[in-house]
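Each chain is listed here by its residues.
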Amino acid sequence: MSKIMEVKELVETGKSKKVGTAVQEALDAGSQPGEILQAMVDSMSVVGDKFSSGEIFVPEMLIAAKAMSKGVDVLRPLMAGDNAASLGTCVIGTVAGDLHDIGKNLVAMMIESAGFTMVDLGVDVADEKFVEAIKENENVTLVALSGLLTTTMPSLKSAVETIKASGLTGFKVIVGGAPVTPEYAAEIGADGYAADAGSAAVKAKELVK
Ligand code: B1M
């Protein structure tokens, strides 16, 4: 089995202790970081499908997520670019009621590597926490909101509304996450939308220029 396939299988089966080593071995064997990352993202889709079909349950999803995070830890220094150019501070978080953070962490990593200083509020972030973070941090130029559940899409809406109603200015709001569409982003008043971590970094730069 190729090293990259081994990484994929280890993530799918939640073998967190082995994933880091396997990712390093895949790199040593010549695989590119982006390729390994995509293999792990594909694994999470398999995990999601197995969950949907009742083959696995929440604990298995959780351990697969932990395994993927271990793999991402090895890739992080290789994915981070030259962030000498400061495009300001980005406040990021997964919206209220939502505990998914792998996608948000990847988006944070890519936006940071595009030249932003990152303030990561974590998961299940109440609307007011975003407002507080904009007030408390210097030169916030971007607020990035992630939502992974159809049931937390209204939290994206209320977070955008609360942030816009705060009267604070000088930043743009970008939203994303699997159930989010460009149409929904526009409907809730977000300034931007991106489908994945790479395009989030591109869009982030575009929004603050
Ligand atoms: Co959850 N979960 N989960 N889960 N989970 C999904 C999302 C689901 C699709 C699985 C399924 O049924 N097939 C489903 C949602 C269905 C729906 O709403 N339509 C689901 C469900 C139902 C649930 C629970 C309700 C299950 C339950 O309890 N019965 C529960 C909810 C808990 C809560 O949040 N309140 C739950 C719990 C969990 C765990 C905690 C066990 C775990 C998360 C652990 C963690 O994140 N630390 C988990 C996992 C692992 C998943 C799946 C399997 C994988 C998610 C993931 O990390 N994907 C997921 C199935 C799937 O995704 N196919 C699933 C990899 C990641 C790289 O992709 O997060 O999509 P993603 O991020 C992408 C893009 O979306 C985008 O860029 C990222 C990188 O390219 N993106 C942005 C994300 N944020 C962005 C922000 C941007 C721009 C782009 O701008 C700011």
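Note: the structure precedes this text.
These numbers come from a predicted model, not from an experiment.

A. Molecular detail of the pattern of salt bridges. Under the definition given, this model contains eight salt bridges. Glu25 is paired through a salt bridge with Lys3; the nearest N and O atoms lie 2.9 Å apart. Here Glu25, found in helix α2 (residues 16-28), pairs with Lys3, found in helix α1 (residues 3-12); they are 22 residues apart in sequence, far enough to count as distant. With a relative accessible area of 32%, Glu25 lands in the partly exposed category.

B. Layout of the nonpolar core. The biggest cluster of nonpolar side chains holds 38 residues, and the ones touching the most others in it are Ile36, Met40 and Ile111. Elements with a minimum of two residues in this core: α1, α2, α3 (33-52), α4 (58-79), β1 (89-94), α5 (102-113), β3 (140-146) and α9 (197-208). Residue-level mapping places this core at the junction of two domains, with at least three residues from each of domain 1 (3-79) and domain 2 (89-208). Ile36 has contacts with Ile4, Val7, Val23, Ala26, Leu27, Ser31 and Leu75, leaving out every residue within four places of it along the chain. By size, the runner-up hydrophobic cluster in this structure holds 24 residues, among which are Val125, Ile134, Val175 and Val180.

C. Local environment of unusual backbone geometry. One non-glycine residue with positive phi stands out, namely Asp124, at about 50°. Looking at where Asp124 falls in the secondary structure, it is placed in the loop between β2 (117-120) and α6 (127-136). With relative accessibility at 42%, the residue Asp124 sits in the partly exposed group. Unlike most non-glycine residues, Asn139 shows phi in positive territory, near 50°. For Asn139, the location among the structural elements is in the loop between α6 and β3.

D. Molecular detail of the site of the ligand. What surrounds the ligand is a group of 35 residues, the closest being Ser52, Leu99, His100, Asp101 and Ser146. One of the backbone N or O atoms of Gly48 is found 3.0 Å from a nitrogen atom in the ligand. Ser52 is positioned such that a nitrogen or oxygen atom in its side chain is 2.7 Å from a nitrogen atom of the ligand. Most atoms of the ligand, that is more than half of them, are within 2 Å of grid points of the largest pocket. Where the shell around the ligand is concerned, the elements lending two or more residues are α3, α4, α5, β3 and β4 (172-176). Take the shell around the ligand: its biggest share by element is seven residues, from α3. For the shell around the ligand, the per-class residue count stands at 22 nonpolar, ten polar and three charged. Residue-level mapping places the shell around the ligand at the junction of two domains, with at least three residues from each of domain 1 (3-79) and domain 2 (89-208).

Reading guide: rules and limits
- Residue numbers here run from 1 along each chain, matching the order of that chain's written sequence.
- Per-residue local features of the predicted model are confined to residues with pLDDT of at least 70, and side-chain atom pairs are confined, for both listing and counting, to 80 or more; whole-chain, interface and lining totals are unaffected and use all residues.
- To obtain the side-chain values, all non-hydrogen atoms of the structure were included, while hydrogens and water were left out.
- Should a side-chain nitrogen of Lys or Arg be within 4 Å of a carboxyl oxygen of Asp or Glu, the pair is scored as a salt bridge.
- What counts as a helix is a DSSP run of H or I of at least four residues, what counts as a strand is a run of E of at least two, and both are numbered from the N terminus.
- Only protein chains enter the accessibility calculation, which uses a 1.4 Å probe. A residue is then buried if its area is under 20% of the maximum for its type, exposed if over 50%, and partly exposed in between.
- Definition used in this section: a nonpolar core is a set of buried Ala, Val, Leu, Ile, Met, Phe, Trp, Tyr and Cys residues joined via side-chain atoms within 4.5 Å.
- What marks off one domain from the next here is an automatic or database domain assignment.
- Contacts are residue-level and defined by heavy atoms, with any inter-residue pair within 4.5 Å sufficient.
- Proximity is defined per residue: any heavy atom of the residue falling within 4 Å of a molecule or strand makes that residue near it.
- Identification of polar contacts relies on pairs of N or O atoms within 3.5 Å, with a donor-acceptor requirement for protein atoms, meaning one able to donate a hydrogen and the other able to accept it, and with residues adjacent in sequence counted only if both atoms are side-chain atoms.
- A pocket, in this scheme, is an open set of points on a 1 Å grid over the protein atoms alone with protein on both sides within 12 Å along at least 5 of 7 lines, while a cavity is a set where a 1.4 Å probe fits but cannot get out; residues line either one if an atom lies within 4 Å of a point.
- A molecule is said to be in a cavity or pocket once over half of its atoms fall within 2 Å of that pocket's grid points.
- Amino acids are sorted into nonpolar (Ala, Val, Leu, Ile, Met, Phe, Trp, Tyr, Cys and Pro), charged (Asp, Glu, Lys and Arg) and polar (every other residue, Gly among them).

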